[in-house]
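Chain by chain, the residues run as shown.
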Amino acid sequence: MNRRTFTSVAALFALTACSSKFRVYTGPPVTSIVVQKGRRKMYLLNERTALKEYDFELGFAPTGHKEIEGDGRTPEGAYFIDRKNPNSQFHLSIGISYPNAQDRAKAAAMGHSPGGDIFIHGTPKRFRRDTDWTWGCLAVKDREMEDIYAMVNVGTPIYLYP
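Everything quoted here is computed from the prediction, not taken from an experiment.

**Re the pairing of strand β4 (residues 77-85)**
Phase 1: In the sheet, β4 pairs with strand β8 (residues 157-161) via four bridges, with the strands oriented antiparallel. Paired with A78 across the strands is Y159, a residue of β8.
Phase 2: For β4 and strand β5 (residues 93-96), the ladder comprises four bridges, and the chain directions are antiparallel. Each residue of the ladder has a partner; that of K84, found in β5, is I94.

See below:
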């Protein structure tokens, strides 16, 4: 490979690396996530120490615990991160384990599905000026989602408070 080709390949690699939505995190592990819905604050914690704090948007009906599919609410309670989606239509996303057995039973007693597919995800341009626009997810800025995606592992507990 001549010098000109090497320089071109190196520049292309550097550009690709800088534009990647996949970040690397080497700090202390995130041992839990705490969400305060009313304050619109999310904390990534290592034990009792907050590593990061984020603002977010909620579902279009943000007050109360999610009960049925389509209610626009975000769950409240103890769950865990159950998956990571690198191909999310909302930049990147990490899944919250809603519904649990109690959620399914409550929805069934009402004759409805509890819904599902609740995520922490990025925010497409068309929603960046909107407030509480999701169907029950937590939406952060895309750049913040890149950090969250890198920092949070599947299995991490998440506690969602009113």
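**What to know about the confidence of the model for the protein chain**
Interpretation of the predicted coordinates at a detailed level should be avoided for regions scoring low in pLDDT.
Phase 1: Per-residue pLDDT for the protein chain has a mean of 88; in total, 88% of the residues score no lower than 70.
Phase 2: Every residue in residues 2-17 scores below 50 in pLDDT, and together they form one contact with partners more than four places removed in sequence or on other chains.

**Some points on the packing of aromatic side chains**
Phase 1: Per the stated rule, a full pass over the model turns up five aromatic pairs.
Phase 2: Relative to W135, the ring of F60 lies with its centre 5.0 Å away and its plane at 85°, an arrangement referred to as edge-to-face. Placement of the pair is F60 in the loop between β3 (49-55) and β4 and W135 in the loop between β6 (118-121) and β7 (138-139), with a sequence separation of 75 residues.
Phase 3: Ring centres 4.1 Å apart and planes at 5° place the aromatic pair F127 and W133 in the stacked group.
Phase 4: With a relative accessible area of 11%, W133 lands in the buried category.
Phase 5: Members of the aromatic cluster, each reached through a chain of ring pairs, are F90, F127 and W133.

**Concerning helix α2 (residues 101-109)**
For an α-helix the count is 3.6 residues per turn, leaving residues at separations of three or four pointing the same way.
Phase 1: Measuring from the side-chain oxygen of the N-cap residue of α2 to the backbone nitrogen of Q102 gives 3.1 Å; that N-cap residue is N100.
Phase 2: Just downstream of α2, G111 is the residue with a positive phi angle, here 80°.

**Things to note about helix α3 (residues 142-151)**
Phase 1: Counting buried residues along α3, seven of its 10 residues qualify, which places the element largely inside the surrounding structure.
Phase 2: Within the span of α3, buried status applies to D142, M145, E146, D147, I148, Y149 and M151.
Phase 3: Here the buried face of α3 lies against β2 (41-46), β3, β4, β5 and β6.

**Regarding the pattern of salt bridges**
Phase 1: Applying the stated rule across the entire model yields 13 salt bridges.
Phase 2: Across the salt bridge formed by R83 and D117, the nearest N and O atoms sit 3.2 Å from each other. Of this pair, R83 sits in strand β4 while D117 is found in the loop between α2 and β6, placing the two residues 34 residues apart along the sequence.
Phase 3: Residue classification places R83 among the partly exposed positions, given a relative accessible area of 25%.
Phase 4: Here R143 ties to D147 by a salt bridge, and the two come within 2.7 Å at their closest N and O atoms. Taken as a pair, R143 and D147 lie in helix α3 at a separation of four residues, close to a single helical turn.
Phase 5: Classification of D147 as buried rests on a relative accessible area of 19%.
Phase 6: Each of R23, R143, E146 and D147 takes part in salt bridges that share partners, so that together they form one network.

What counts and what doesn't
- Residues numbered from 1 in each chain as written.
- Predicted model: local features only at pLDDT ≥ 70, side-chain atom pairs only at ≥ 80, totals over all residues.
- Heavy atoms only, no water.
- Pairing = 2+ DSSP bridges.
- Helix = DSSP H or I, 4+ residues; strand = E, 2+ residues; numbered from the N terminus.
- pLDDT = per-residue confidence, 0-100.
- Contact = heavy atoms within 4.5 Å.
- Phe/Tyr/Trp six-rings, centres within 6.5 Å; stacked < 30°, edge-to-face > 60°.
- Buried < 20%, exposed > 50% of the residue type's maximum accessible area, 1.4 Å probe, protein only.
- Polar contact = N/O pair within 3.5 Å; in protein donor to acceptor, adjacent residues only side chain to side chain.
- Salt bridge = Lys/Arg side-chain N within 4 Å of Asp/Glu carboxyl O.

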